[in-house]
Amino acid sequence: MTVNLEVAEGVGTLRLDRPPMNALDVATQDRLKELAEEATRREDVRAVVIYGGERVFAAGADIKEMQDMDHTAMVLRARALQDSFTAVARIPKPVVAAITGYALGGGCELALCADYRIAADNAKLGQPEILLGLIPGAGGTQRLPRLVGPSKAKDLIFTGRQVKADEALAIGLVDRVVPAAEVYEQAHAWAARLAQGPAIALRAAKESIDTGLETDIDTGLAVERNWFAGLFATEDRERGMRSFVEEGPGKAKFL
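These remarks concern the structure in this document. (Residues numbered from 1 in each chain as written. Predicted model: local features only at pLDDT ≥ 70, side-chain atom pairs only at ≥ 80, totals over all residues. Heavy atoms only, no water.)

## Some thoughts on the sheet that holds strand 5 (residues 102-104)
For step 1, the next point in the chain: As summarised here, the arrangement of the three strands in space is 5-7-8, forming an open sheet in which the pairing is mixed. Two strands bound the open sheet, and with one partner strand each, they are strand 5 and strand 8 (162-164). Going from strand to strand, the sheet's axes swing by 20° on average, the running direction of each strand aside.
For step 2, the next point in the chain: The pairing of strand 5 with strand 7 (residues 124-126) spans three bridges and is classified as parallel. The residue bridging Ala 103 from the neighbouring strand is Leu 125, located in strand 7. (Pairing = 2+ DSSP bridges. Helix = DSSP H or I, 4+ residues; strand = E, 2+ residues; numbered from the N terminus. Axes fitted to C-alpha atoms, helices over the stretch in contact; angles between N-to-C directions.)

## Some points on helix 8 (residues 183-195)
For step 1, the next point in the chain: The end-to-end C-alpha distance of helix 8, which contains 13 residues, comes to 18 Å, matching closely the 18 Å that a straight helix rising 1.5 Å per residue would cover.
For step 2, the next point in the chain: Three or more residues of helix 8 are buried, namely Val 183, Ala 187, His 188, Trp 190, Ala 191, Leu 194 and Ala 195. Down the axis, helix 8 shows its buried residues gathered within 155° of arc, on one side only. Residues of helix 8 that are exposed and point over 90 degrees away from its buried face: Glu 185 and Arg 193. (Expected span 1.5 Å × (residues − 1). Buried < 20%, exposed > 50% of the residue type's maximum accessible area, 1.4 Å probe, protein only. Arc of directions from axis to C-beta.)

## A closer look at the packing of helix 9 (residues 199-213) against helix 10 (residues 217-230)
For step 1, the next point in the chain: Their axes nearest at 8 Å, the elements helix 9 and helix 10 cross at an angle of 170°. Classified by the interaxial angle, the pair formed by helix 9 and helix 10 is roughly antiparallel. On helix 10, the residues that touch Ile 200, Arg 203, Ala 204, Glu 207, Ser 208, Thr 211 and Gly 212 of helix 9 are Gly 220, Val 223, Glu 224 and Trp 227.
For step 2, the next point in the chain: Here the residues of the contact of helix 9 with helix 10 sort into four nonpolar, four polar and three charged. (Parallel < 35°, antiparallel > 145°, perpendicular 65-115°, else oblique. Contact = heavy atoms within 4.5 Å. Nonpolar A, V, L, I, M, F, W, Y, C, P; charged D, E, K, R; others polar.)

Printed below as a string of structure tokens:
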């Protein structure tokens, strides 16, 4: 399989496995959607790591496959392409991308679907589609400006240039830069810590933030308000508040 889901201690790792560069062909896109939806459903998956292996995250789409597609074929495929990435973005659990080597084109767009991005110090990211006479088609024109702002996003998309890890950190494209050998370990630790947290509250926080970024503030506040009140019906809220009163802050166990 070109993508695998490995689960241990509440953390599901979506592992790209299409050597040598994890090119995201149609089969890989479809498999990614299938496993993202599985990670969404599974109660034993409480947080997710997206990982491409020690050498490369994903170097982009399969250009040889795309070259054979005409306009009609891509009209039929474009929605499925976006849907596969959207399935990752909508996993209602904390998601971290562990970025090694190249994250270009579709690879960068996949990293944008995560809630948090940890990159190797030798990583390179970018949206080089313009160099093919194209634009990003898996969410890059939408998620990238929401993350780094429109001017920085336009610079990357208009020029197609690659940015090294230090610049990616400076512009907010990644959230942490670590030695290459530590990328997966640190990403897994981030996910494992959150996997111990209150699952419904984390889902509420993620949905409230993501919805708020896509709508007006009044609608966002309504989503937050409804989730906030709804969490008072959960066992985790009872456990968290009881622990705070009896033991002090930060000691509640949610599993």
